[in-house]
Structures are given as C-alpha cells and as structure tokens.
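Per-entry structural report
Given next are the chains, with one letter for each unit.
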Amino acid sequence: MQFGGEVGERCKRFLEELNQRLAEKDAAKIHELKEVRFGEWAAEEGGIPKPEIAAKKLGYANDDLVMLLYRELYTRHIYSVAKKPEDIRIEDRADAWSNYLALFNKVLDGPEHVTFDLPNSWLYDIVDELVYQLVVYCRYRAERRGAQKKDAADEADKLRDIQQHPTIWDPKTVIRILHKLIQKSDIVSVLAQIKQGKMTAADVLSPGPSHVTRVWGYFSMVGLLRVHTLMGDYNQALKAVDHIDFTPEKEGEKIFKKVQACHITILYYAGFAYMMMRRHYDAVRILLQALRSRSLESAQTTNQTVSNIAKMRENCARLLAMALELAGRRPEKMGDETAASLLMQRVKKEDLEVLKQGNEDSVGTFKSLFMQACPRFILSAAALDILDSESGKKEALNMQLSLFLREVRQQLRLPILRSYLKLYSTIPLEKLASTATEAPMEDGVEVRTASSEAEKAKLTRELLCLKHKSRQLACNWQAGGAPIQGTYKCLADADFYLDRNIIHIDADFRRPQTNCSYFVSNIESLRNVTKGLNPHDIFRQSRPAV
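Attention here is on the structure that accompanies the text.

With respect to the element layout, Thr435 can be found in helix α22 (residues 429–436). Residue class for Thr435 comes out partly exposed when judged on its relative accessible area of 24%. Measuring from C-alpha to C-alpha, the distance between Thr435 and Leu417 comes to 9.9 Å, with 18 residues separating the pair along the chain.

Okay, here's the thing in structure tokens:
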C-alpha cells in the first residue's frame, strides 16, 4: 500500500478546486471530484499525501472543511486497500474517529443553517463509512481479545494500542451522535409533513439552507437501523426508522431511493430485523422490494459500490428464501408472480428444495444460508468483558445464529403439516399422526403401526405450534403504520380447529388467488421498460410494397 506521498501539484490543484467548489456550493462538481478525480488519483502509483502534511505545506488549518473532507477520503482509501484489519494502524483509526467527530460537529455545534453543501451521495457515504469503520474496529478488538486469552506473544503490541485508545469507536458514542443529528435536523416533523402532502422528497434532497442538516438526519436513521441490527437489538433497529415510509406503491416519495447504497441498505437491514423478530410476512414484503427494484440494477456510482449493492441483493434473496419458508408462504401467494423467478436467479434450486424437507438437512441449509446472508455482528467492549469468551469476534455471530436456529427447529415439521392439511376438509387426529409421521424401514418397505397416545400428543403440540406461528404481527404501511407497529394476521393457507380428535379445516378461509396484483406488477414493469421510448417507433411497421 502506498501512503504518505509527496504534496505535489496534483494534490494542490485537487484541494484548491475542492475548496472553491465548496465555497460555490456546486454539488455536481464536488461529486465529480470525489467519484472521478480522487479515484483516478488513488489508483496511480506514488501514494496520497497525508492530510496533516498537505495542510501544513499548503497553508490549510486541520479543522478547515476542505481538510476534513480530504482526510475522510484519505482514511476511506486506507480501509479500501487494506487486505487485513491488521494492516490499518491504530493511529489511522484514531485519526479517522476524530475526523468524523469534527465533521459532524460542523452541524451539531454550528448554526441552524450550515454554510456548506455536499452531494446527497457523499452525505450518505460519510454516515455509511462511520458505521463501517465502527464494525471493523469492534471486530478487530474482539479478535484481539480472543488472542489475549491465548496469551499470544505477537499480539502484545496490538493489545497495548487498543488499551491506549479506550474511547475510540465506541458504539454508544456513535449511537449518541446519530441521535443528535436526528434531533438537530428535525427530520421527524419533515417526514410527517411529507406523509401529509405538505412537502415532497425533493424538498429535502434539493440544495438549500437546511439540506445538509436534514439529509444527515435522515441518513442517521438508516445508520441507527444498521448499528442496532449489528448489535442484535432488532426492536430498537425498527424503531429507528419508525417515521420512514416503506409503502412500495409510492415510488416518487422515497428519500432512500435517491441514493442507491442507502436504498439497498435500508431494505436489507429492515428485512433482516423483521426476520429475526419472527415477523416473516413483513420481512418478505421488504425483501421483495429489494429484488424487484429496477433502480438498483443501473450503475450510478463507483464500481466498488456497485459490487456491494449486487452482493447485498444476493443476500436479500437468501434471506427471502428463508423468510418465505418460515412464513409458510410461496412467492406467488405474496402478490407477485415474478418473485419466484427472481428468487431462482439468486438462490440454488437445490437449497430451496431442501428448505422444505423438514429434517436435519433443512436445518443445515438454513444455517448455511444464514451464515452467507447475515450482517457482521458486533459486541461492545463491555459486552466482551461480561461474556469473558475466547471466541472473540465469532461470539456475536454464534449468539444470533443460535437464536435463529432455535426458531427454525420449532418450525421444522410445520411445512409437512401444512401440506397435509391442504388435502382434507376433515381428518381424524390418529390418521394424521400416522400419515405425517415417518415410518421405520425394513427391507426397503415402510412398517407402520397404530398411532400411540404419545404420537397423538406430539401431533397436538405441533398443531398448536402451527396455530401460534401462523399468527404474526404485520405492519399496515398503506394506513400509515410505523414499521415497529402492526396488527396480528393469520398467514395460514387454511384455518383449522380440533374437535373431539377430529381436525376440521375451514375451506372458506382459503384465500382465493387474485390476478389483480399480477397484472399491476407487469404493467408497472412494462412502463419502466418503455419509459423514454417514442410510441411511433414502437408501432411503426414497414408497409408491403404494392
């Protein structure tokens, strides 16, 4: 890695132009400097000059906005090219932490209307990078903690560095900063006015006196969603986005859809939080948006960001496959006929089939998909002290994985029961117990015996579990409901009740399949495909020669 290059003419021109564009509040040119000019500079040999050296030689103060932004780009570059967390020096981590605090203090300690402006994408990237570097450091600290338990001699210097910087990259401080940005921006009342039709998303995203403050407040909600999810507090995660509207129909009124990275991030983390809270119906609806969105398919940013977006969509597909199975639903039952094809493009057909088997192979596949799709969980330093575990950074993942697999095992046989209940209007409990129970094999032939009382008692418990799991909290976004709120809804394809050892399936409860949503979805897809085309070009036909 090349760092600490000489302060040459190129560095001087870059900082002078960035400073000039900041004074002019030219967001388009600032975006070009960040995405194109700095990227080309970083890709060349020779290294990027350290911010403190550049500031001293060119006459800038370290707390000037242009130097804070340059240092943000510099530390981001260090993290992007580092092959291992150990390659990042503790001094660079501490400098990055201090720099982000100084950047946000420009808003928190400044006047109501800040005197600078930045592109929406850069405003989001700053919040995104804050959370990313928090995750990297927390996992690095947890890994060093595990090495400390093993008394590894080569870890002594790294442990000493961590102990000498006890206040940097503290999750509580990050959460506190994000909350302050939300309060300073008054974004909650702004979102309420958008819901009432008094404001639009363009009013928030367009340049103006309150642009930076409002947009940072909005993106801080997304940052809180991420941090709380990474720490396993899913209830607080969804409360962080309580005022954000997830209704899929309102395409033009979504602030998070204007920045691609924010768009996929909020859908992925909200979907994951819903799944871990056993709200699988809401998880499916959120994750389907991530797969159906055409705005996420076109590249509008750097190659690295495009790669991250594609990877997160792959993970959304894996989460969707698990959420659908746990909800006992099929893609076509969720009001979208194209969901099945979207899922098949990203998840192996073999894995989808194994998830339905209801055996230990299913548990293994659930575990594999979860490990591939879950975020990188973190633990605070205080949590590591309480747990006193040698597993280091794996401890956070193991905790969440055990919670998820416990839910999976509780529902292991429910798909089998659902499939049998769809076949009957009434069935004796004893018959269902003998039918749904795997019989032992002798010489390749099933040997079935009369159902025992123990089997019928077990089936009764499973039916009760099916009743309980089929009733889930579902958010009513169309009525303006908050993501954390909702009403209980039965997700079963057919309702049933048990009377005197006879299971009665209510056929009238079965929801008829409607074609309305199918046609609406395809009409919208056709509209997006033909947008910008001339109708005369579409229907123009060459006339046959006479």
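For the pair helix α18 (residues 360–373) and helix α20 (residues 394–410), the least separation of the axes is 10 Å and the interaxial angle reads 145 degrees. The chirality of how α18 crosses α20 is right-handed. Here Glu360, Val363, Phe366, Lys367, Phe370 and Met371 of α18 come into contact with α20, specifically with Leu397, Gln400, Leu401, Phe404, Leu405, Val408 and Arg409. In terms of residue class, the contact of α18 with α20 is built from nine nonpolar, one polar and three charged.

With that settled, consider the pattern of salt bridges. If you walk through the whole model with that rule in mind, you get 18 salt bridges. Where Asp125 meets Lys34, a salt bridge forms, and the shortest distance between an N and an O atom there is 2.8 Å. Of this pair, Asp125 sits in helix α6 (residues 120–149) while Lys34 sits in helix α2 (residues 27–43), and the two are 91 residues apart along the sequence. The burial state of Asp125 is the same as that of Lys34; both residues are buried. With a shortest N-O distance of 2.8 Å, Arg279 and Asp282 are connected by a salt bridge. Residue Arg279 shares its accessibility class with Asp282, and that shared class is buried. What you see here is one network of salt bridges that share partners, running through Glu17, Arg21, Glu24, Asp26 and Arg37.

Between its first and last C-alpha, helix α14 (residues 280–292) extends 18 Å over 13 residues, near the 18 Å set by a 1.5 Å rise per residue. Where α14 is concerned, the buried positions are His280, Tyr281, Asp282, Ala283, Val284, Arg285, Ile286, Leu287, Leu288, Gln289, Ala290 and Leu291.

Moving on to the side chain of Asp245. One can find Asp245 in the loop between α12 (234–240) and α13 (260–276). Engagement of the side chain of Asp245 in a polar contact is seen with the side chain of Thr247, the distance being 2.6 Å.

This brings us to unusual backbone geometry. With a phi close to 50 degrees, Trp169 is a non-glycine residue in the positive phi region. Structurally, the position occupied by Trp169 is in the loop between α7 (156–164) and α8 (171–185). Here Trp169 falls in the buried class, since its relative accessible area comes to 0%.

Note that Gln472 resides in strand β4 (residues 471–474). With 194 residues separating them in the primary sequence, Gln472 and Arg278 have C-alpha atoms 7.5 Å apart. The residues touching Gln472, leaving out its near neighbours within four places in the chain, are Arg278, Arg279, His280, Tyr281, Leu326, Ala327, Thr487, Tyr488, Lys489 and Leu491.

By size, the foremost hydrophobic cluster in this structure holds 145 residues, and its most contacted members are Tyr70, Phe104, Met275, Phe370 and Phe404. Dropping the residues within four chain positions of it, Phe370 is found in contact with Phe272, Met275, Met276, Met322, Phe377, Leu397, Gln400, Leu401 and Phe404.

A word on the pairing of strand β6 (residues 495–499). By the bridge criterion, five bridges tie β6 to strand β7 (residues 502–506) in an arrangement that is antiparallel. Looking at β7, one finds that Asp499 is bridged to Ile502. Linkage of β6 to β7, two consecutive antiparallel strands, is achieved through a turn of two residues, within which Arg500 is found at a positive phi near 55 degrees.

This next bit is on the packing of α8 against helix α11 (residues 211–230). Two elements in contact, α8 and α11, have axes separated by 8 Å at closest approach and are oriented at 145 degrees. For the pair α8 and α11, the crossing hand works out as left-handed. Note on element contacts: α11 touches α8 through Thr213, Arg214, Trp216, Gly217, Ser220, Met221, Gly223, Leu224, Val227 and His228, opposite Val174, Ile175, Leu178, His179, Leu181, Ile182, Lys184 and Ser185. Here the contact of α8 with α11 is composed, by residue class, of nine nonpolar, seven polar and two charged.

This next bit is on the packing of aromatic side chains. Overall, the coordinates contain 18 aromatic pairs when judged by the stated rule. Judged by centre distance (6.0 Å) and plane angle (70 degrees), the ring pair of Tyr218 and Phe219 falls under edge-to-face. Note on Phe219: relative accessible area 0%, which makes it buried. When the ring of Phe272 is compared with that of Phe377, the centres are 5.8 Å apart and the planes differ by 45 degrees; the resulting orientation is tilted. With Phe272 in helix α13 and Phe377 in the loop between α18 and α19 (381–387), this residue pair connects regions lying 105 residues apart in the sequence. Residue classification places Phe272 among the buried residues on the basis of a relative accessible area of 0%. The ring of Phe496 carries the charged tip of Lys467 above its face, separated from the ring centre by 5.3 Å.

Criteria and thresholds
Residues numbered from 1 in each chain as written. Predicted model: local features only at pLDDT ≥ 70, side-chain atom pairs only at ≥ 80, totals over all residues. Heavy atoms only, no water. Helix = DSSP H or I, 4+ residues; strand = E, 2+ residues; numbered from the N terminus. Buried < 20%, exposed > 50% of the residue type's maximum accessible area, 1.4 Å probe, protein only. Axes fitted to C-alpha atoms, helices over the stretch in contact; angles between N-to-C directions. Left-handed = near helix turned anticlockwise from the far one by under 90°. Contact = heavy atoms within 4.5 Å. Nonpolar A, V, L, I, M, F, W, Y, C, P; charged D, E, K, R; others polar. Salt bridge = Lys/Arg side-chain N within 4 Å of Asp/Glu carboxyl O. Expected span 1.5 Å × (residues − 1). Polar contact = N/O pair within 3.5 Å; in protein donor to acceptor, adjacent residues only side chain to side chain. Core = buried A, V, L, I, M, F, W, Y, C linked by side-chain atoms within 4.5 Å. Pairing = 2+ DSSP bridges. Phe/Tyr/Trp six-rings, centres within 6.5 Å; stacked < 30°, edge-to-face > 60°. Lys NZ or Arg CZ within 6 Å of the ring centre and 35° of its normal.

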